[in-house]
There are 2 protein chains.
Amino acid sequence: MGTGTAIRVAALGLFAARGYEGTTMAEIGAAVGIRGPSLYKHVASKQDLLVELMTTTMDGLLELHRRAVTGTDDPVERLRRAVDAHVRFHARHRMEAFVGASEMRSLVEPHRGTVLGKRAEYERAFRRLVEEGVAAGRFHVPSARLASYAILDLGMGLATWYREEGELSENEVVWQQTEFALRLVGAG
Amino acid sequence: MGTGTAIRVAALGLFAARGYEGTTMAEIGAAVGIRGPSLYKHVASKQDLLVELMTTTMDGLLELHRRAVTGTDDPVERLRRAVDAHVRFHARHRMEAFVGASEMRSLVEPHRGTVLGKRAEYERAFRRLVEEGVAAGRFHVPSARLASYAILDLGMGLATWYREEGELSENEVVWQQTEFALRLVGAG
DNA sequence: TCCGATGGCTAGCAGCCGTTAGCCGATGAA
DNA sequence: TTCATCGGCTAACGGCTGCTAGCCATCGGA
């Protein structure tokens, strides 16, 4: 693993624990065994670290979603796979999800707009999934928008309470959350 | 409205928008028409502003929950009322909820521990509600813990996407989210 | 063997932060 | 009218921040 990668990992952990504004370049340096100024031999700026972190997170999530919904036309199965990917991603990338949700404000334009755009795209994709199910008579919800937000929130909540060392394995959590999502749209 | 209250309101808005570390005392002052140092005639410190904000938020939420579940023994009705209070609170206090979730790290001990304790108490109360329903054969979930987290996440998500000016009224959102919660625990 | 590139280091700049000290006009009770 | 209190203000302190400049050891290829 290159030094650049180690720096990004350290930055992620610190941003999650202390926040972007609450993290100093000296701390990030210390986490990888060098001094603050030496970081600039590897990264352009502190802001750059955040930008890259947030855009790659959203890109990864979008890519996983696309792969998940490809290969079947059945609305129930499509939603099941999308939720599986969504929850699994949030279980595996809790810190990225937390930083992504709470540090949007620290992102400077135009990157803020870019990331917000990707997030809106992800939300639309989920909403469309719910709408397809409703149109096919498989889901029964008064508002597809509200239902899709609810499903997204289920997964994003993991950032707060999920722990790998916890009593529930990743697969158990993923399975139950998927079940919750299907019940929620009235397909359970 | 006293100056002290105006300061707290301004601080809440700024903490939500820019984060605790990203907000300066001069900005809080400017929001109420005075200079930064003058704030110290009304508040003890910046940290104090955050402490008070977070503890009163949790106290308010706990009190609302207690009132909601008092007066009936029916597990379904108890959960319905608790979710109603939970969602309504988060719709009305979006900024408090957002700050409460993302600025726990900026809280200094012993206040951090106190607030975490209150949050844990709130989570336990909800879990107990689910467990009661399961014990009474009215709810059907594999894990009460996971189900209660899911319900809590439903409401907390509002902090991100709910807007008063949106197309859905508070009552509509509250009603649908309550419905989602009941479906989720298999009581719909 | 040379030498450029790489990647550490320290010093330091320019600016901002929370907070304190101390000043002063307005206000209202005695 | 007097005078203490209140609540503004500016100046300033001590400390920290992101980042740049510039120095130097190491090391791999020519």
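Residues numbered from 1 in each chain as written. Chains lettered and ligands numbered in written order. Predicted model: local features only at pLDDT ≥ 70, side-chain atom pairs only at ≥ 80, totals over all residues. Heavy atoms only, no water.

Undergrad: Go over the protein's contact with DNA strand D, please, and point to the residues and values.
TA: Among the 13 residues in the neighbourhood of DNA strand D, the closest are listed as Tyr40 of chain A together with Arg35, Ser38, Lys41 and His42 of chain B. Sugar and phosphate atoms constitute 63% of the interface atoms of DNA strand D, taking the interface as everything within 4 Å of the protein. Tyr40 of chain A places a side-chain nitrogen or oxygen 2.3 Å from a phosphate oxygen of DNA strand D. His42 of chain B is positioned with one of its side-chain polar atoms (N or O) 2.8 Å from a phosphate oxygen of DNA strand D. Residues belonging to the surface near DNA strand D are distributed by class as follows: 5 nonpolar, 5 polar and 3 charged. (Near = heavy atom within 4 Å. Polar contact = N/O pair within 3.5 Å; in protein donor to acceptor, adjacent residues only side chain to side chain. Nonpolar A, V, L, I, M, F, W, Y, C, P; charged D, E, K, R; others polar.)

Undergrad: Explain the environment of Arg124 of chain A residue by residue, including any values.
TA: Structurally, Arg124 of chain A can be placed in helix H6 (residues 111-135). Each C-alpha atom of the pair Arg124 of chain A and Gly166 of chain A lies 32 Å from the other, and the pair is 42 residues apart in sequence. (Helix = DSSP H or I, 4+ residues; strand = E, 2+ residues; numbered from the N terminus.)

Undergrad: So, the relation of the copies chain B and chain A: which residues are in play, and what are the values?
TA: Between chain B and chain A, the superposition needs a rotation of 180 degrees and an axial shift of 0.0 Å, giving an RMSD of 0.0 Å. Put plainly, the chains are arranged around a two-fold axis. Both copies contact each other with a shared surface, as 100% of the interface residues of chain B are interface residues in chain A too. (Least-squares fit on C-alpha atoms with pLDDT ≥ 70 in both. Contact = heavy atoms within 4.5 Å.)

Undergrad: Got a sec to walk through the interface of chain B and chain A? Specific residues and values, please.
TA: Facing 38 residues of chain B, the contacting portion of chain A comprises 38 residues. Taken together, the two surfaces of chain B and chain A that pack against each other cover about 3000 Å², and 62% of this comes from carbon and sulfur. It is Arg105, Leu146 and Arg183 of chain B that lose the most area in chain B upon contact with chain A, and together they represent 23% of the buried surface on that side. Remark: the boundary between chain B and chain A carries 4 salt bridges. When the shortest N-O distance is used, the salt bridge between Arg105 of chain A and Glu103 of chain B registers 2.9 Å. At the junction of chain B with chain A, the criterion picks out 10 residue pairs in polar contact (both at pLDDT 80 or more). Of all the elements in the fold, those that place two or more residues in the side of chain B that touches chain A are helix H1 (3-18), helix H5 (94-102), helix H7 (144-156), helix H8 (158-161) and helix H9 (170-184) of chain B. With 7 residues, H7 of chain B is the largest single contributor of residues to the side of chain B that touches chain A. (Buried area = accessible area lost by both parts, 1.4 Å probe. Salt bridge = Lys/Arg side-chain N within 4 Å of Asp/Glu carboxyl O.)

Undergrad: Residue-level account of the environment of Ala159 of chain B, with values.
TA: All names here are of chain B. Assignment of secondary structure puts Ala159 in helix H8. Residue Ala159 is classed as buried on the basis of its relative accessible area of 13%. Once the C-alpha coordinates of Ala159 and His93 are considered, the two residues, 66 residues apart in sequence, prove to be 8.0 Å apart. Once you skip the residues sitting within four places of it in the chain, Ala159 turns out to touch Arg94, Ala97 and Phe98. (Buried < 20%, exposed > 50% of the residue type's maximum accessible area, 1.4 Å probe, protein only.)

Undergrad: Can you explain the packing of helix H3 (residues 46-69) of chain B against helix H4 (residues 75-92) of chain B? Please cite residues and give values.
TA: All names here are of chain B. Look at H3 against H4: their axes get within 8 Å of each other, and the N-to-C directions meet at 150 degrees. As the angle between them shows, H3 and H4 are arranged roughly antiparallel. For the crossing formed where H3 meets H4, the hand is right-handed. Contacts between H3 and H4 involve Thr57, Gly60, Leu61, Leu64, His65, Ala68 and Val69 on the former and, on the latter, Arg78, Arg81, Ala82, Ala85, Phe89 and His90. Here the residues of the contact of H3 with H4 sort into 7 nonpolar, 4 polar and 2 charged. (Axes fitted to C-alpha atoms, helices over the stretch in contact; angles between N-to-C directions. Parallel < 35°, antiparallel > 145°, perpendicular 65-115°, else oblique. Left-handed = near helix turned anticlockwise from the far one by under 90°.)

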